[in-house]
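Structural features, examined
One letter stands for each residue in the lines below.
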Amino acid sequence: QVQLVESGGGLVQAGGSLRLSCAASGRTFSPYTMGWFRQAPGKEREFAAAISWSGGTTYYADSVKDRFTISRDNAKNTVYLQMNSLKPEDTALYYCAFRWGNHARAYDYWGQGTQVTVSS
C-alpha cells in the first residue's frame, strides 16, 4: 500500500508562485510514475503534469505548459510542482497521484489534495 500527502497550497495573487510537494510512503518499489491533477469548482478533474521514474520524461497539460515545472526526489519519495505566473483559473484542489511503472495507464493511488487559490 502507498499513501500520498500533499502540501504547499495556499492563497496567492495573480502572477505569483507556489511550490507544491507530495510525499509517498509505504511499499514504493521502483520504478513508479507520479503526477499532479487538479479540480476547479464546478469542473471535472483534469491532468496537470506527470514525471517518469528517472525524471527524464515530463508531461504537461497545455493550460500549464511553460508556467509549471514538475520534479522529483526519489531519495525522499517526493514529487514537486513549481507553479509560476499563476492565474485565477489555476484555482483548484490539486491532487498528487502515483502509479507503478513508466507506462501510461490508470493511476493506482491518490492523495487527498491541497487547495490553491489565486486572487485577481
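Given the structure is predicted, the values throughout are model-derived calculations rather than measurements. (Residues numbered from 1 in each chain as written. Predicted model: local features only at pLDDT ≥ 70, side-chain atom pairs only at ≥ 80, totals over all residues. Heavy atoms only, no water.)

1. Observations concerning the pairing of strand E7 (residues 68-73)
- Side-chain alternation along E7 places Phe 68, Ile 70 and Arg 72 on a buried face and Thr 69, Ser 71 and Asp 73 on a face that remains uncovered.
- Adjacent in sequence and paired antiparallel, E7 and strand E8 (residues 78-83) are bridged by four residues, among which Asn 77 carries a positive phi angle near 50°. (Buried < 20%, exposed > 50% of the residue type's maximum accessible area, 1.4 Å probe, protein only. Helix = DSSP H or I, 4+ residues; strand = E, 2+ residues; numbered from the N terminus. Pairing = 2+ DSSP bridges.)

2. Details of the pattern of salt bridges
- All chains considered together, the criterion is met by five salt bridges.
- In this structure, Lys 65 and Asp 62 form a salt bridge, with 3.1 Å as the shortest nitrogen-oxygen distance.
- You can call Asp 62 exposed: its relative accessible area is 66%.
- Arg 105 is the salt-bridge partner of Asp 108, the closest N and O atoms lying 2.9 Å from each other.
- Its relative accessible area of 37% is what places Arg 105 among the partly exposed residues. (Salt bridge = Lys/Arg side-chain N within 4 Å of Asp/Glu carboxyl O.)

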